[in-house]
Amino acid sequence: MTFSLPNDWNEVLASELNHLYMQNLQQFLQDEREEHTIYPPEEDLFSAFQYTAYEDVKVLILGQDPYHGEGQAHGLSFSVRPGVRLPPSLRNMMKELEHDLGYPLVKNGSLIPWARQGVLLLNAVLTVRAGKANSHKNKGWEKFTDAIIRKVSEKDSRVVFVLWGNYAQKKKQWIDTERHMVIESVHPSPLSARGGFFDSRPYSAINHALREDGQKEIDWRLESHEGSVFATES
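Residues numbered from 1 in each chain as written. Predicted model: local features only at pLDDT ≥ 70, side-chain atom pairs only at ≥ 80, totals over all residues. Heavy atoms only, no water.

## Regarding the overall build of the chain
How we decide: For the purposes of this entry, the term helix denotes a DSSP run of H or I that reaches at least four residues, the term strand denotes a run of E that reaches at least two, and both are numbered from the N terminus. Within these notes, the globule rule equals 2.2 Å times the number of residues to the 0.38 power, and the radius of gyration is based on C-alpha atoms. Using a 1.4 Å probe on the protein chains alone, a residue whose accessible area is under 20% of its type maximum counts as buried, one over 50% counts as exposed, and one in between counts as partly exposed. Whether two residues are in contact is decided by their heavy atoms: any pair within 4.5 Å suffices. Surface accessibility in these figures is a Shrake-Rupley result with a 1.4 Å probe; residues are shielded only by whichever protein chains are displayed. Here the positive residues are Lys and Arg and the negative ones are Asp and Glu; neither His nor the chain ends is included. Taken as the charge location is NZ of Lys, CZ of Arg, CG of Asp or CD of Glu.
Assigned secondary structure in the chain consists of nine helices and six strands. Compactness check: the chain gives a C-alpha radius of gyration of 17 Å against a globular reference of 17 Å for 234 residues, within 12% of the reference. Seen through its C-alpha atoms, the chain measures out along the principal axes to roughly 50 × 40 × 30 Å. Considering the chain as a whole, with its 234 residues, one finds that 52% of them fall into the buried category. For the chain, restricting intrachain contacts to residue pairs at least 6 apart in sequence, the fraction spanning at least 24 positions comes to 69%. For the chain, the exposed area adds up to about 11,100 Å²; of that, 45% sits on carbon and sulfur atoms. Considering the chain, the positive charge centre built from 26 side chains and the negative charge centre built from 32 side chains are found 4 Å apart.

## Let's talk about the environment of P104
Along the chain, the position of P104 falls in the loop between α5 (88-101) and α6 (112-115). Residue P104 is classed as exposed on the basis of its relative accessible area of 58%. For the pair formed by P104 and M94, sequence separation is 10 residues and the distance between their alpha carbons is 8.5 Å.

## What to know about the UniProt feature "active site" (unreviewed entry) in the chain
Quick note on the threshold: UniProt positions are given in the numbering used here, feature names are shortened, and annotations may be inferred rather than shown by experiment. For the purposes of these results, a polar contact is taken to be a pair of N or O atoms within 3.5 Å, where, inside protein, one atom must be able to donate a hydrogen and its partner to accept one; residues adjacent in sequence count only when each atom of the pair is a side-chain atom.
Under the feature "active site" (unreviewed entry), the UniProt entry names D65. Of note, D65 is situated in the loop between β2 (59-63) and α5. Residues in contact with D65, not counting those within four places in the same chain, are N123, V125, V128, A133 and N134. A distance of 2.7 Å separates a polar side-chain atom of D65 from the backbone nitrogen of N134.

## A look at the sheet that holds strand β5 (residues 160-164)
Inclusion rule: Two strands qualify as a pair provided that DSSP identifies no fewer than 2 bridges between them. Each axis is a line fitted through C-alpha atoms, taken for helices only over the stretch in contact, and angles between the N-to-C directions span 0 to 180 degrees.
Pairing is parallel across the open sheet formed by four strands, whose spatial order is β3-β2-β5-β6. Strands at the two margins of the open sheet, each flanked by one partner only, are β3 (119-123) and β6 (181-185). Recorded for the sheet is a direction-independent mean angle of 20 degrees between the axes of neighbouring strands. Judged from the five bridges that link them, β2 and β3 form a sheet pairing that is parallel. By the bridge assignment, L60 is partnered in β3 with L120. The strands touched by helix α7 (residues 141-153) within the sheet are β2, β3 and β5, with β3 carrying the most contacts at an inclination of about 155 degrees.

## Considering the packing of α5 against helix α9 (residues 202-212)
As a reminder, the rule being used: With respect to orientation, any angle under 35 degrees is reported as roughly parallel, any angle over 145 as roughly antiparallel, any angle of 65 to 115 as roughly perpendicular, and every other angle as oblique. Here the nonpolar group is Ala, Val, Leu, Ile, Met, Phe, Trp, Tyr, Cys and Pro; Asp, Glu, Lys and Arg are the charged ones; every other residue, Gly included, is treated as polar.
At a minimum axis separation of 8 Å, α5 and α9 run at an interaxial angle of 60 degrees. When the interaxial angle is binned, α5 and α9 end up oblique. Between α5 and α9, the residues in contact are M93, E96, L97, D100 and L101 and P202, Y203 and S204, respectively. Residues of the contact of α5 with α9, tallied by class, amount to five nonpolar, one polar and two charged.

## Topic: the packing of helix α3 (residues 20-35) against α7
Quick reminder of the rule: It is the rotation of the near helix from the far one that decides the hand of a crossing: anticlockwise by less than a right angle makes it left-handed, clockwise makes it right-handed.
Between α3 and α7, the shortest axis-to-axis distance is 9 Å and the interhelical angle comes to 130 degrees. In terms of orientation, α3 lies oblique with respect to α7. Seen from above, α3 lies across α7 with left-handed handedness. In contact with Y21, M22, L25 and L29 of α3, α7 contributes W141, K143 and F144. Grouping the amino acids of the contact of α3 with α7 by side-chain chemistry returns six nonpolar, no polar and one charged.

Structure follows, in structure tokens:
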């Protein structure tokens with residue numbers, strides 16, 4: 001038994017899905033779910049691929065591993081479900097979006113609207129044990145997501161890869177930087193954001209690259225959940 005991915009991803013990653021390490025990873029997850037709460041819920045595990053088909057990918061924003069708090073992770077890097085309080089890194093992303101493009105701060109942290117426009121919101125590790133960050137690292141996910149990055153780099157059309165922080169930037173080795181654009185800065189985490197994430201203007205830079213390639217720009221606006229804005233916090 002192997003994982004099954006939505007859209008065209010099964011075909012793109014067919015050889016990878018049949019590797020022994022993927023079978024081992026699936027067994028590990030089955031065992032983990034029997035003993036612990038795992039995020040995201042099993043039905044959301046491959047949401048990133050559900051909302052963004054391989055053929056549609058034009059931006060890849062790489063995260064590290066899912067949020068480990070209850071009700072937060074739903075399969076898209078940095079994103080949370082509507083109505084869930086924005087985690088600090090996502091809040092800083094929204095602050096920079098306001099600074100970059102002037103869009104108002106919103107409480108809704110669901111990035112599904114971005115995903116539907118071709119932004120692959122990929123975590124390097126796709127699962128985590130509740131309350132324990134990085135608890136599923138080195139179990140096989142990194143091999144799988146490295147393969148995804150390589151496959152996206154093989155696309156004929158130009159893709160913009162967004163690598164925030166040292167961990168993500170190590171994945172640059174899998175990207176053909178002669179054909180694709182790579183946007184790098186420090187991570188939006190409060191621990192580092194003031195050291196170079198703020199005022200980096202990634203959203204306008206992405207759209208500039210897409211426009212240069214004749215591709216449709218991303219509409220980065222997110223509708224406010226229940227029509228309200230969240231309070232700016234430092």
